[in-house]
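Structural characterization, general
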Amino acid sequence: MRFVVDGMLGGLAHWLRMLGYETEYDAKMDDNTLLEHSRLNDTFLLTRDEELYKRARSRSIASVLVLGETEEIRLAQLARDLGIGLDIDMASTRCPECSSRLREISRDEASESVPAASLKLYERFWRCGGCGKTYWVGSHWKKIRETLEEARNISKRNEHTKC
Ligand SMILES: [Zn+2]
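Residues numbered from 1 in each chain as written. Predicted model: local features only at pLDDT ≥ 70, side-chain atom pairs only at ≥ 80, totals over all residues.

1. Regarding the sheet that holds strand S7 (residues 134-135)
Strand order in the open sheet made by the 3 strands is S5-S6-S7, with antiparallel pairing throughout. Either end of the sheet is taken by a strand with one partner, and the two such strands are strand S5 (102-105) and S7. Here 2 bridges tie strand S6 (residues 125-128) to S7, and the two strands are oriented antiparallel to one another. When the bridges of S7 are listed, arginine 127 appears paired with threonine 134. (Pairing = 2+ DSSP bridges. Helix = DSSP H or I, 4+ residues; strand = E, 2+ residues; numbered from the N terminus.)

2. Description of unusual backbone geometry
The general pattern is negative phi for most residues beyond glycine and trans for most peptide bonds. Positive phi is not limited to glycine here, since serine 60 has a value of about 60°. Mapped onto the fold, serine 60 is located in the loop between helix H3 (50-58) and strand S4 (63-65). Positive phi is not limited to glycine here, since serine 99 has a value of about 75°. Secondary-structure assignment places serine 99 in the loop between helix H4 (71-82) and S5.

3. Overview of the domain arrangement of the protein
It is common to report an interface's size as the accessible area lost on association of the parts. When its domains are assigned, the protein resolves into domain 1 (3-90 + 140-162) and domain 2 (102-135). Distance from the C-alpha centre of domain 1 to the C-alpha centre of domain 2: 28 Å. (Domains from an automatic or database assignment.)

4. Points about the nonpolar core
Counting 28 residues, the largest nonpolar core has Val5, Leu12 and Leu46 as the members making the most contacts within it. Of all the secondary structure elements, the ones that give two or more residues to this core are strand S1 (3-5), helix H1 (10-18), helix H2 (31-41), strand S3 (44-47), H4 and helix H7 (141-162). Setting aside chain neighbours within four positions, we find valine 5 in contact with Leu12, Ala13, Thr23, Tyr25 and Leu46. Formed by 7 residues, the second largest nonpolar core is a distinct cluster that contains Cys95, Val114, Phe125 and Trp126. (Core = buried A, V, L, I, M, F, W, Y, C linked by C-beta atoms within 7 Å. Buried ≥ 20, exposed ≤ 12 C-beta atoms within 10 Å, placed from the backbone. Contact = placed C-beta atoms within 7 Å.)

5. Examining the sheet that holds S4
Across a sheet, paired strands are connected by hydrogen bonds in the backbone, their directions being either parallel or antiparallel. Strand order in the open sheet formed by 4 strands is S2-S1-S3-S4, and the pairing between neighbours is parallel. Of all the strands in the sheet, just strand S2 (23-24) and S4 have a single pairing partner and so form its edges. One ladder, built from 2 bridges, connects S1 with S2; its direction is parallel. Counted as the bridge partner of phenylalanine 3 is threonine 23 from S2.

6. Notes on the pairing of S3
For a regular strand, side-chain orientation follows a simple rule: the groups alternate between the two sheet faces. Neither face of S3 is exposed, since Phe44 and Leu46 on one face and Leu45 and Thr47 on the opposite face are all buried. As defined by bridge partners, S1 adjoins S3 across 3 bridges and the pair is classed as parallel. In the strand pairing of S3, valine 4 is matched with leucine 45. At this point the chain moves from S3, through H3, to the parallel S4, and the crossover so formed is right-handed. (Right-handed = clockwise from strand over helix to strand, strands pointing away.)

7. Some points on the packing of H1 against H4
With their axes 10 Å apart at the nearest point, H1 and H4 run at an angle of 55° to one another. If you check the angle between H1 and H4, you find them oblique. Considering how the two elements wind past one another, H1 and H4 form a crossing that is right-handed. The segment H1 lies against H4, with Gly11, Leu12 and Trp15 engaging Glu71, Arg74 and Leu75. (Axes fitted to C-alpha atoms, helices over the stretch in contact; angles between N-to-C directions. Parallel < 35°, antiparallel > 145°, perpendicular 65-115°, else oblique. Left-handed = near helix turned anticlockwise from the far one by under 90°.)

8. Notes on the environment of glutamate 146
Within the secondary structure layout, glutamate 146 lies in helix H7. Residue glutamate 146 is classed as exposed on the basis of its 11 C-beta neighbours within 10 Å. For the pair glutamate 146 and valine 64, spaced 82 residues apart in sequence, the C-alpha to C-alpha distance is 25 Å.

Here it is as structure tokens:
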């Protein structure tokens, strides 16, 4: 499953990439470009614009109208509607900035771009094949895990209310 998101969903694009989904996001893409991109590349169009959503549907372009106000609710909606997974697997995660794949690098390689304190604290490092940014599972992952757990809880609650 691949996605293209509208200019209002930049935050969601970052999450989808971290979850391993190839996601196109460029705040400058207008509605026609988004529709064309989705049709040509066979990607799901995610939008907060009801008008754009209706245009996509009328052209048989797979689209979801994203309703929630928080990333947790939006992710839960996509888990429910499209069955996306809400766990990050470092083997398939993508760069949140550019959607390219990451590859694991040695501590030596990482030492060029990772602060000494983090280099000491953490074991594993990854580099983006596109923009070259280096990643590690640092302290900010507490917040990432909490967000995903909340999204999983919301999607479970929604399943129950549906029954
Ligand atoms: Zn990148």
